[in-house]
Amino acid sequence: MEYRRLGKSGLQVSALSLGSWLTFGNQIPDDVADELMSIAYEKGINFFDNAEGYAGGKSEEVMGRILKSKGWDRESYIVSSKVFFGAEAKGPNRTGLSRKHVIEACNAALRRFQLDYLDLYFCHRPDINTPIEETVWAMNTLLQQGKILYWGTSEWTAAEIMEAIRVARDYHLIGPTMEQPQYNMLERTKIEKDYLLLFREHGLGTTVWSPLHSGVLSGKYNDSDPGDTRLHMEGLDWLKNRTLAQEKLEAARKVKEIADELGVSMPRLAVAWCLRNPNVSTVILGASKPYQLLENLTALDVVPLLTEDIMNRLDGVLKNKPFIPTYQP
Ligand code: NDP
């Protein structure tokens, strides 16, 4: 396993990590979650990602029970949660980024996990109804209390992150260390364009999500629909419609030709493609079956195959590389 600094922070995070969205406490039984975490830990993954909103809080409970039963040194792993969407009971003060919800959600996550502190704590989305100043102060209260070690954002715009950094500077507080955006061959603008200044000037770290774009970049939908996947889960029609869009399937089919030429599977190529970006601190993997995780974990071996020429050819078929104007004097 390779370890990368989380942005300019001193924290070393495994380049591949494991997340629990839709799987833990929902799509997969607890014994499979247990097996996935064991595989991950044995292969050197040190970061497990979670959120209050995953399976209405059950995902944190399942992960917490597994962590407890394994008896791994607390120093050997990093665990996260996120606040915004609320857990099981939703309501005006049970969602969002107000001081009340940020503090209460953290305490509730710690109870569900049976942990004393969270290593990473994310604002899962921006909250237009709460001043950013209030959220930055709330995060700093949790830092001071030792309940969280680093805080960050997820799917915030560059301007919103910059505003949080400004507020933190004005009040001599600690600003966001990391952002958690979607990043994969089909969704790349935030990492490859919007955040460039934040990387360069502020050393923002990133824990990127959905490297396989919910499975479409595994290539398994290229010719037919395999059934039995997250896209067939109840209430996820929105994800299915968005993920299986015609242009995405067409791009996946073309990526498959390049993967075949390289002699690697599509999931390995897709994960390696994310790892190749130096502004990515860790790629969060998702898996519903142990074989998937085992396969995706070998993506680090594929990174050296991604030469400039191959990357250019992939850009040619993806047709979504953000344009970055460069002006020569
Ligand atoms: P992916 O896009 O990589 O999707 C993972 C899913 O793809 C698996 O659960 C499995 O689903 C399928 N899959 C994985 N590997 C293979 C394989 N080798 N062959 C075939 N199918 C495969 O990642 P996720 O969307 O799960 O995101 C990863 C993590 O990122 C989440 O668990 C969560 O922690 C985080 N996240 C954060 C978000 C945020 O807003 N901050 C949003 C979304 C995720 P199946 O078997 O059902 O097809």
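Residues numbered from 1 in each chain as written. Predicted model: local features only at pLDDT ≥ 70, side-chain atom pairs only at ≥ 80, totals over all residues. Heavy atoms only, no water.

## Here we look at the side chain of Thr207
Phase 1: By the element assignment, Thr207 lies in strand β9 (residues 205-208).
Phase 2: The buried category is assigned to Thr207, whose relative accessible area is 0%.
Phase 3: Residues in contact with Thr207, not counting those within four places in the same chain, are Leu6, Phe47, Leu120, Phe122, Glu179, Gln180, Pro181, Thr282 and Ile284. (Helix = DSSP H or I, 4+ residues; strand = E, 2+ residues; numbered from the N terminus. Buried < 20%, exposed > 50% of the residue type's maximum accessible area, 1.4 Å probe, protein only. Contact = heavy atoms within 4.5 Å.)

## Quick look at unusual backbone geometry
Phase 1: The residue Glu155 is not glycine, and still its phi comes out positive at about 60°.
Phase 2: With respect to the element layout, Glu155 can be found in the loop between β7 (148-153) and α6 (158-170).
Phase 3: Of note in this structure, Ser214 is not a glycine but carries a positive phi near 60°.
Phase 4: Mapped onto the secondary structure, Ser214 falls in the loop between β9 and α9 (237-243).

## A look at the site of the ligand
Phase 1: With respect to spatial proximity, 32 residues lie near the ligand, and among them Asp49, Ser210, Lys220, Arg230 and Ser288 are the closest.
Phase 2: In this structure, an oxygen atom belonging to the ligand sits 3.0 Å away from a main-chain N or O atom of Ser20.
Phase 3: One of the backbone N or O atoms of Ser214 is found 2.7 Å from an oxygen atom in the ligand.
Phase 4: When the ligand sits alone it has 900 Å² of accessible area, and the protein chains cover 98% of it. (Near = heavy atom within 4 Å. Polar contact = N/O pair within 3.5 Å; in protein donor to acceptor, adjacent residues only side chain to side chain. Areas by Shrake-Rupley, 256 points an atom, 1.4 Å probe, with all protein chains shown as cover.)

## A word on the packing of aromatic side chains
Phase 1: Applying the stated criterion across every chain yields a total of six aromatic pairs.
Phase 2: On the numbers, 3.8 Å between centres and 5° between planes, the contact of Tyr41 with Trp72 is stacked. Taken as a pair, Tyr41 in helix α2 (residues 30-42) and Trp72 in the loop between α3 (58-70) and β5 (78-83) lie far apart in primary sequence, 31 residues in all.
Phase 3: Of the residues examined, Trp72 reaches a relative accessible area of 16% and is grouped as buried.
Phase 4: Ring geometry for Phe48 against Trp72: centres 6.1 Å apart, planes inclined by 15°, an arrangement best described as stacked. With Phe48 in strand β4 (residues 47-49) and Trp72 in the loop between α3 and β5, the pair connects residues that are 24 residues apart, well separated along the chain. There is no split in this pair, since Phe48 and Trp72 are both buried. (Phe/Tyr/Trp six-rings, centres within 6.5 Å; stacked < 30°, edge-to-face > 60°.)

## Let's talk about the packing of helix α5 (residues 132-144) against α6
Phase 1: One can describe the packing of α5 onto α6 by two numbers: an axis separation of 9 Å at closest approach and a directional angle of 60°. Here α5 is positioned oblique relative to α6, judged by the angle of their axes. The hand of the α5/α6 crossing is right-handed. Listed contacts from α6 to Ile132, Glu133 and Val136 of α5 are Glu160, Glu163, Ala164, Val167 and Ala168. (Axes fitted to C-alpha atoms, helices over the stretch in contact; angles between N-to-C directions. Parallel < 35°, antiparallel > 145°, perpendicular 65-115°, else oblique. Left-handed = near helix turned anticlockwise from the far one by under 90°.)

## Some words on the pattern of salt bridges
Pairing is possible between side chains of opposite charge, provided their charged atoms come close.
Phase 1: Under the criterion given, the structure shown has 18 salt bridges.
Phase 2: Asp34 is paired through a salt bridge with Lys70; the nearest N and O atoms lie 2.6 Å apart. Remark: Lys70 occurs in helix α3 and Asp34 occurs in helix α2; sequence separation between them is 36 residues.
Phase 3: The class of Lys70 is partly exposed, set by a relative accessible area of 28%.
Phase 4: Note that Arg200 and Glu201 form a salt bridge whose closest N and O atoms lie 2.9 Å from each other.
Phase 5: It is possible to trace a salt-bridge network through shared partners that takes in Arg188, Glu192, Asp315 and Lys321. (Salt bridge = Lys/Arg side-chain N within 4 Å of Asp/Glu carboxyl O.)

## Quick notes on the sheet that holds strand β8 (residues 178-179)
Phase 1: Strand order in the closed barrel formed by eight strands is β3-β4-β5-β6-β7-β8-β9-β10, with parallel pairing between adjacent strands.
Phase 2: Pairing between strand β3 (residues 16-19) and β4: two bridges, direction parallel. When the sheet's bridge partners are listed, Leu18 is paired in β4 with Phe48.
Phase 3: Strands β3 and β10 (282-285) of the sheet are contacted by helix α11 (residues 266-275), whose axis makes an angle of about 150° with β10. (Pairing = 2+ DSSP bridges.)

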